Amino acid sequence: MRVALLGSGRGSNAEAVLRAQAEGRLGQAKVVGIYCDNPTAKMLELGPRFGVPAQFLDTGSFKTKFSPEREQAWAEALIAARVDLVVLAGFMRVIKAPLLEAFAGRMINLHPSLLPAFPGLDAIGQAWTAGVNESGCTVHWVNADIDGGAHLGQSRVGRESGDTLETFSQKIHAAEHALLPAVIAQLSQSLSR
Ligand code: GAR
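If you're wondering where the values come from, they're calculated on a predicted model, not measured in any experiment.

**Examining the overall build of the chain**
Tallying secondary structure elements over the chain gives 6 helices and 7 strands in all. The N-to-C order of helical and strand elements in the chain reads β-α-β-α-β-α-β-α-β-α-β-β-α. Its C-alpha radius of gyration of 16 Å places the chain within 12% of the 16 Å reference for a compact globule of 193 residues. Referenced to the eigenvectors of the C-alpha coordinate spread, the extents of the chain come out at roughly 50 × 40 × 30 Å. Counting only residues that meet the buried cut, the chain has 48% of its 193 residues in that class. A fraction of 64% describes how many contacts in the chain between residues 6 or more apart in sequence connect residues 24 or more apart. Here the chain contributes 18 positive and 18 negative side-chain charges, whose respective centroids are spaced 5 Å apart.

Below you can see the structure in the form of structure tokens.
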């Protein structure tokens with residue numbers, strides 16, 4: 001199963017996936033490319049470190065979506081790389097046709113909350129402000145509804161009395177780093193050619 005990792009920033013989840021691959025924990029999955037919508041994303045540094053092609057691809061002039069021509073170009077790049085599964089690992093941009101259509105049923109997203117609670121931006125901050133006793137993370141299929149596709153896996157993280165927003169965030173990120181590679185490995189058993 002040929003995997004593309006799409007992201008916009010730090011890339012700690014992409015790194016967790018690449019580490020799992022290096023340690024033989026990614027099943028039949030193989031990361032074949034890293035694609036960023038931000039030319040200064042730290043995530044791009046993972047390419048040379050893990051020996052995977054990493055590139056910035058332009059998305060046009062919008063902030064939270066693609067221009068139609070650029071979305072077509074991303075779809076073509078991923079098709080040309082013979083990608084089987086697109087993994088949104090901190091990709092902060094809404095995906096629609098034609099990219100979504102090209103990878104319908106083959107695109108997953110990681111989100112830092114127990115969906116359907118706290119979709120959208122700053123999910124950890126939203127949960128913290130709401131005073132929840134627990135939050136966590138979700139990996140789900142991507143469909144046209146933002147953070148709305150069927151769930152593939154969730155991890156729960158309790159909010160302890162001594163937690164600050166920072167420690168709570170760290171625990172959720174650690175849960176994400178375990179969940180995303182595990183879901184990819186599991187999918188590789190069912191989606192591999
Ligand atoms: C992760 O917490 C991920 O769940 C979140 O962005 C962070 C990226 O961190 N994604 C979303 O909020 C998508 N709506 P990373 O760049 O270190 O992997």
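There is more to say, and it comes next.
**Quick word on the site of the ligand**
Arg10, Gly11, Ser12, Asn13, Gly90, Met92, Leu110, His111, Pro112, His173 and Glu176 make up every residue found near the ligand. Residue Arg10 places a side-chain N or O atom 2.8 Å away from an oxygen atom belonging to the ligand. In this structure, an oxygen atom belonging to the ligand sits 2.7 Å away from a main-chain N or O atom of Gly11. Look at the ligand: alone it shows 450 Å² of surface, and the protein chains cover 88% of it. Cavity membership is defined here by more than half of the atoms lying within 2 Å of grid points; on that basis the ligand lies in the largest pocket. Of all elements in the fold, only helix 1 (12-22), strand 5 (107-111) and helix 6 (165-191) reach the threshold of two or more residues within the shell around the ligand. Of the residues in the shell around the ligand, the class split is 3 nonpolar, 6 polar and 2 charged.

What counts as what
- Residues numbered from 1 in each chain as written.
- Predicted model: local features only at pLDDT ≥ 70, side-chain atom pairs only at ≥ 80, totals over all residues.
- Heavy atoms only, no water.
- Helix = DSSP H or I, 4+ residues; strand = E, 2+ residues; numbered from the N terminus.
- Rg over C-alpha atoms; globule rule 2.2 N^0.38 Å.
- Buried < 20%, exposed > 50% of the residue type's maximum accessible area, 1.4 Å probe, protein only.
- Contact = heavy atoms within 4.5 Å.
- Lys, Arg positive; Asp, Glu negative; His and termini not counted.
- Charge placed at Lys NZ, Arg CZ, Asp CG, Glu CD.
- Near = heavy atom within 4 Å.
- Polar contact = N/O pair within 3.5 Å; in protein donor to acceptor, adjacent residues only side chain to side chain.
- Areas by Shrake-Rupley, 256 points an atom, 1.4 Å probe, with all protein chains shown as cover.
- 1 Å grid on protein atoms, 1.4 Å probe; cavity = no way out; pocket = protein on both sides within 12 Å on 5 of 7 lines; lining within 4 Å.
- Sits in = over half its atoms within 2 Å of the grid points.
- Nonpolar A, V, L, I, M, F, W, Y, C, P; charged D, E, K, R; others polar.

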